[in-house]
Protein chains: 2
Amino acid sequence: MVGGDRAGVTADDFTLREIERDAAKIAREAGELLRWHFERALNVQYKDERQSDPVTNADYACQRLLEEEISRRFPEHGILGEEDNAAERERVDGQPAPDFVWVLDPLDGTRNFLSGLPLYASSIGVLYRGAPVVAAVFLPWPSDEGGIVMHARRGGGTRINGVSLPALNATAPDGNRLVTLPGGFGGMFSVRKDLRRKAGELRMTGSIAYELAMVAKGVTQYTITTAPFIWDAAGGSLLVKEAGGIVLQGGERKLLGRLPAGMNWRPLESFVPSWSSGATTMKELREWRAPLLLGSPNVARYVAGNLRGKARVRQRIRRFIRR
Amino acid sequence: MVGGDRAGVTADDFTLREIERDAAKIAREAGELLRWHFERALNVQYKDERQSDPVTNADYACQRLLEEEISRRFPEHGILGEEDNAAERERVDGQPAPDFVWVLDPLDGTRNFLSGLPLYASSIGVLYRGAPVVAAVFLPWPSDEGGIVMHARRGGGTRINGVSLPALNATAPDGNRLVTLPGGFGGMFSVRKDLRRKAGELRMTGSIAYELAMVAKGVTQYTITTAPFIWDAAGGSLLVKEAGGIVLQGGERKLLGRLPAGMNWRPLESFVPSWSSGATTMKELREWRAPLLLGSPNVARYVAGNLRGKARVRQRIRRFIRR
């Protein structure tokens, strides 16, 4: 949905508080819907031929619920969702993006969800002119309510069900703390000796939004995700920032057909390089994709400084030799 | 605890039903105790110099609770727990094991627990003359009660809070289903080409008991664990078996200082090679340790047939070359 009068739209704290409050409420409703569908029969389809990218009726129902709640409360805001169908994308993508855009991953970790593994998330990230300003992420949790909502607004800190989180203040990686890394990590990065012993205890959850939230919560000390979409990262990246952490974006992945050895990590400020109200399109937002490294500032910078991207050519040679 | 009159002790279904009912109740109490401690301040100690094996006051409190409840109800049964202190081990280990022994992991996944990651378990496995006959495993879960108890008795099937689980009936590995593997897997095993594409979507939880339960529940299609202790496996292995799955035990790990290339996987029937009432000691149970591969019978056998143990010598050479 695109439209509305943008004159006078500002992202002052009063406005952001209102959006944060509503986003947290809406994320809770989305979470309840997902909890209802979890471990019940699902209708599963695949978005790709290899059947590696499943989507269920729960994903669609949850995106519809989110869209309805958002457009009822904020009719002038834009909405960009993972499960937008082709017609919606067609209609919306060429148009200028409104200053406020809600970026939705109604169900991140669909494969876990349909397998019955309770590691998934429903993620809302609200952007103002491309930069994340409000987040609300529902996570299933063994609490009395069966779930928590982590939420934040720019400058307001990160909270769980209203209660502020302590700031991320680790100064160095600790080999005994948890980290999450993607499956293909070893094939894409080499880790310098200094970091190797301190890299941490590896977990793999299969949900990027869940893993970003775990960094914000101080559960894991850092995470790397190699090719997230904007809906995977829009909510969780603000949760990490507002908890005192840092979000580093890696250089372009396909520079000359290979990963650059130095990854050129730099703080992610916005999902579009330069915003121009009335000109920047929804398509530009939708097409963002980049490696991210998130953690407390010192830990994330240390890790970034001790990783090298592996050249694809070297990878291919190695694969060939192994045959 | 060791003792009691063993004359006439049998593992008939009436006896096992009673033990299963009580084990499930006790596991629920243990789970509630853990849920109370989760995300509260913990007193953490380490059992090793490298500080890789943490233990908390929650582990100890939970083991005490389990011991009290078991010895009150079944004073003649033996108890073997991960957190037995040196004096308990000293007193108990040389003695003959009673026919019934309760094997306890009060808190499996301690590092997750103390980090605030809700992937942990409290595991009870009851052995009769070394073979698992009753299991009850508490798992934190985003249900209204915040947790579930999976339980089973020999011949009775696996249940969750009393409701029977469907039988594990997958006939072949599916590349789109979930699997859990240990961190060092790639360094220890090579995977034959046939299996590679079908190996599955990798998750790593950091709790063996949790991962065994996920196989029993049909969430993951198989799991491998390279060096579990008896308390990691005693409960979960029966959950898998009674859900229609198979538990394969790999050959000795330290044959001539290297992993044998063929792993000699065979069904785990008992945690002691041959039981002799009055002679088999608690120490023999405590010292069991072997690789396990669990899944539906066809899937587990297919995976077993497509794995090779890597020779340690080759590993060392490879490490040397990489420097």
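Predicted model, so just to flag it, every value in this text is computed and none were measured.

Chemist: What exactly am I supposed to notice about the pattern of salt bridges here?
Modeler: Considering all chains together, one arrives at 40 salt bridges over all chains under this definition. Here Glu201(B) ties to Arg203(B) by a salt bridge, and the two come within 3.5 Å at their closest N and O atoms. Residue class for Arg203(B) comes out buried when judged on its relative accessible area of 6%. Ionic pairing is found between Glu269(B) and Lys241(B), a salt bridge with its closest N-O pair at 3.9 Å. Of the two residues, Glu269(B) is situated in the loop between strand 15 (266–267) and helix 9 (282–286) and Lys241(B) in helix 8 (residues 230–242); the sequence distance between them amounts to 28 residues. Look at the salt bridges and you will find they share partners, linking Arg21(A), Asp22(A), Glu69(A), Arg72(A) and Arg73(A) into a network.

Chemist: I tried to follow the sheet that holds strand 5 (residues 121–128) of chain A on my own but got confused; where do I start?
Modeler: The strands that make up a sheet pair up through hydrogen bonds in the backbone, lying either parallel or antiparallel. All names here are of chain A. Pairing is mixed in the open sheet, where 7 strands are placed in the order 3-4-5-6-7-8-9. If you trace the sheet from one side to the other, it starts and ends with strand 3 (78–81) and strand 9 (163–164), each paired once. Both strand 6 (residues 131–140) and strand 7 (residues 147–153) contribute to a ladder of 7 bridges, which runs antiparallel. Looking at strand 7, one finds that valine 137 is bridged to methionine 150. Where helix 2 (residues 57–73) meets the sheet, it contacts strand 3, strand 4 (100–108) and strand 5, and its direction lies at approximately 155° from that of strand 4.

Chemist: Looking at this structure, I do not really get empty space enclosed by the protein. What am I missing?
Modeler: Take a probe with the size of a water molecule and roll it over the atoms, and the empty space left behind shows itself. Under the definition given, this model contains 3 cavities of 30 Å³ or more. Estimates place the volume of the largest cavity at around 70 Å³. Forming the walls of the largest cavity are Pro118(A), Leu119(A), Pro140(A), Trp141(A), Pro142(A), Tyr210(A), Pro118(B), Leu119(B), Pro140(B), Trp141(B), Pro142(B) and Tyr210(B). For the lining of the largest cavity, the class distribution of residues is 12 nonpolar, no polar and no charged.

Chemist: What should I look at first to understand the domain arrangement of chain A in this one?
Modeler: By a widespread convention, an interface's size corresponds to the accessible area lost as its parts come together. Residues and elements named next belong to chain A. With domains assigned, chain A is organised as domain 1 (13–164) and domain 2 (178–322). For the pair domain 1 and domain 2, the summed buried surface comes to about 3300 Å²; carbon and sulfur atoms form 68% of the total. Together, Leu80, Asp93 and Pro132 form the three largest contributors to the area buried by domain 1 at its contact with domain 2, with a combined 17%. In this structure, the connection of domain 1 to domain 2 is made through 2 salt bridges. Between aspartate 93 and arginine 286 there is a salt bridge, with its nearest N and O atoms 2.9 Å apart. Applying the counting criterion to the domain 1 and domain 2 interface returns 19 residue pairs in polar contact (both at pLDDT 80 or more). For the side of domain 1 that touches domain 2, the secondary structure elements donating two or more residues are strand 3, helix 3 (86–93), strand 4, strand 5, strand 6, strand 7 and strand 8 (157–160). Top contributing element to the side of domain 1 that touches domain 2 by residue count: strand 6, with 8 residues. Here the residues of the side of domain 1 that touches domain 2 sort into 27 nonpolar, 13 polar and 10 charged.

Chemist: Mind showing me how you'd approach the confidence of the model for chain A here?
Modeler: If pLDDT is low for a region, its predicted coordinates should not be looked at in detail. Residue and element names in this part refer to chain A. Within chain A, residue pLDDT values average 89, and 90% of them lie at 70 or more. Here residues 1–6 scores under 50 on pLDDT; set against residues more than four positions off or in separate chains, the count is 20 contacts. Scored as a complex, the prediction yields pTM 0.92 and ipTM 0.91.

Chemist: Just to check I follow, could you spell out the packing of aromatic side chains for this structure?
Modeler: How two aromatic rings sit relative to each other is given by the distance of their centres and the angle of their planes. Residues and elements named next belong to chain A. As enumerated under the stated definition, the model contains 18 aromatic pairs over all chains in all. Centroid distance phenylalanine 38 to tyrosine 120: 5.5 Å. Interplanar angle 40°. Geometry classified as tilted. Of this pair, phenylalanine 38 sits in the loop between helix 1 (13–37) and strand 1 (44–46) while tyrosine 120 sits in the loop between helix 4 (110–115) and strand 5, placing them 82 residues apart in sequence. Phenylalanine 38 sits in the buried class, given a relative accessible area of 8%. Between phenylalanine 271 and tryptophan 288, the ring centres sit 4.8 Å apart and the planes meet at 90°, which makes this aromatic pair edge-to-face.

Chemist: How should the nonpolar core be read in this particular structure?
Modeler: Across soluble globular proteins, nonpolar side chains show a tendency to be buried alongside one another. Among the nonpolar cores identified, the biggest contains 157 residues, and Trp102(A), Ile124(A), Leu285(A), Trp102(B), Ile124(B), Ile230(B) and Leu285(B) are the most heavily contacted of them. Here Ile124(A) is in contact with Ala23(A), Ile26(A), Ala27(A), Leu66(A), Trp102(A), Val103(A), Leu104(A), Val134(A), Ala135(A), Ala136(A) and Gly235(A), once residues within four sequence places are set aside. Counting 19 residues, the second largest nonpolar core, distinct from the first, contains Phe185(A), Leu195(A), Leu248(A) and Ala300(A).

Chemist: Honestly, the relation of the copies chain B and chain A in this entry has me stumped. Any pointers?
Modeler: Both copies of the chain are related through a single rotation about an axis accompanied by a shift along the same axis. Mapping chain B onto chain A is achieved by rotating through 180° and translating by 0.0 Å along the same axis, at an RMSD of 0.0 Å. In symmetry terms, the pair is related by a two-fold rotation axis. A shared interface surface links the copies, since 100% of the contact residues of chain B are contact residues in chain A too.

Chemist: Would you explain the packing of helix 7 (residues 208–216) of chain A against helix 8 (residues 230–242) of chain A in this entry?
Modeler: To describe two helices that pack against each other, one gives the angle between their axes and the distance between the axes. Residue and element names in this part refer to chain A. It is the contact of helix 7 with helix 8, at a shortest axis distance of 8 Å, that shows an interaxial angle of 5°. With respect to their mutual orientation, helix 7 and helix 8 come out roughly parallel. Mapping the contact onto sequence places Ile208, Ala209, Leu212, Ala213, Val215 and Ala216 in helix 7 and Asp232, Ala233, Gly236, Ser237, Leu239 and Val240 in helix 8.

Chemist: Sorry if this is basic, but what is going on with helix 2 of chain A here?
Modeler: The α-helix winds at 3.6 residues per turn, so residues separated by three or four positions along the chain end up facing the same way. All names here are of chain A. Compared with an ideal rise of 1.5 Å per residue, which puts 17 residues at 24 Å, helix 2 spans 24 Å between its outermost C-alpha atoms and is within 8% of the ideal. Buried within helix 2 we find Ala58, Asp59, Ala61, Cys62, Gln63, Leu65, Leu66, Glu67, Glu69 and Ile70. Capping the start of helix 2 is the job of one residue whose side-chain oxygen sits 3.1 Å from the backbone nitrogen of alanine 58: threonine 56.

Chemist: Looking at this structure, how should I read the layout of surface pockets?
Modeler: Computed from the structure, the second largest pocket encloses a volume of approximately 770 Å³. If you trace the second largest pocket, you find 29 residues lining it, with Lys217(A), Phe38(B), Glu39(B), Arg40(B) and Gly116(B) closest to the centre. Of all the elements in the fold, those that place two or more residues in the lining of the second largest pocket are strand 9 of chain A together with helix 1 (13–37), strand 1 (44–46) and helix 4 (110–115) of chain B. The element best represented in the lining of the second largest pocket is helix 4 of chain B, accounting for 4 residues.

Chemist: Sorry if this is basic, but what is going on with unusual backbone geometry here?
Modeler: Phi is mostly negative for residues that are not glycine, and the peptide bonds are mostly trans. Although it is not a glycine, Asn161(A) adopts a positive phi angle of roughly 45°. Relative to the helices and strands, Asn161(A) resides in the loop between strand 8 and strand 9. Non-glycine residue Glu39(B) carries a positive phi angle of around 70°. Along the chain, Glu39(B) falls in the loop between helix 1 and strand 1. On the basis of relative accessible area, Glu39(B) is assigned to the partly exposed category, the value being 44%.

Conventions adopted
- Counting starts from 1 at the beginning of each chain's written sequence and moves along it residue by residue.
- Numbering of ligands from 1 and lettering of chains from A proceed in the order in which they are written.
- In view of the model being predicted, local features appear only for residues whose pLDDT reaches at least 70, and side-chain atom pairs are presented and counted only at 80 or more, with totals across whole chains, interfaces and linings using the full set of residues.
- Working from all heavy atoms in the structure, the side-chain values ignore hydrogens and water.
- For this document, the term salt bridge refers to a Lys or Arg side-chain nitrogen within 4 Å of an Asp or Glu carboxyl oxygen.
- Relative accessibility under 20% of the residue-type maximum defines a buried residue, over 50% an exposed one, and the middle range a partly exposed one, all with a 1.4 Å probe and only protein chains included.
- Helix and strand assignments come from DSSP, with helices taken as H or I runs of at least 4 residues and strands as E runs of at least 2, each series counted from the N terminus.
- Pairing between two strands is assigned when DSSP locates at least 2 bridges connecting them.
- Contact criterion: two residues are considered in contact whenever any of their non-hydrogen atoms come within 4.5 Å of each other.
- Axes, fitted as lines to C-alpha atoms, cover a helix only where it is in contact. Angles between the N-to-C directions of the axes lie from 0 to 180 degrees.
- Site definitions follow a grid-based scheme: protein atoms alone, a 1 Å grid, a 1.4 Å probe that fits but cannot get out for cavities, and for pockets an open set with protein on both sides within 12 Å along at least five of seven lines, plus lining residues having an atom within 4 Å of a point.
- Grid points are joined across faces, edges and corners, and a volume is the space filled by probe spheres set on the points.
- Amino acid classes used here: Ala, Val, Leu, Ile, Met, Phe, Trp, Tyr, Cys and Pro are nonpolar; Asp, Glu, Lys and Arg are charged; the rest, including Gly, are polar.
- Domain delimitation in this document rests on an assignment produced automatically or drawn from a domain database.
- Buried area: the sum, over both parts, of the accessible surface (1.4 Å probe) that disappears when the two are put together.
- Between N or O atoms, a polar contact is any pair within 3.5 Å; within protein, one atom must be a potential hydrogen donor and the other a potential acceptor, and residues adjacent in sequence are included only when both atoms are from side chains.
- Known as pLDDT, the predictor's confidence for each residue is given on a scale from 0 to 100.
- Paired rings are identified among Phe, Tyr and Trp, the last through its six-membered ring, by centres lying within 6.5 Å, and are further divided according to the angle between planes into stacked (under 30 degrees), edge-to-face (over 60) and tilted (the rest).
- Buried residues of nine kinds, namely Ala, Val, Leu, Ile, Met, Phe, Trp, Tyr and Cys, make up a nonpolar core once their side-chain atoms join them within 4.5 Å.
- The copies were overlaid with a least-squares fit restricted to C-alpha atoms from residues scoring a pLDDT of at least 70 in each copy.
- Orientation categories follow fixed angle ranges, with anything under 35 degrees roughly parallel, anything over 145 roughly antiparallel, 65 to 115 roughly perpendicular, and all other angles oblique.
- Residue count minus one, scaled by 1.5 Å, sets the expected span of a helix.

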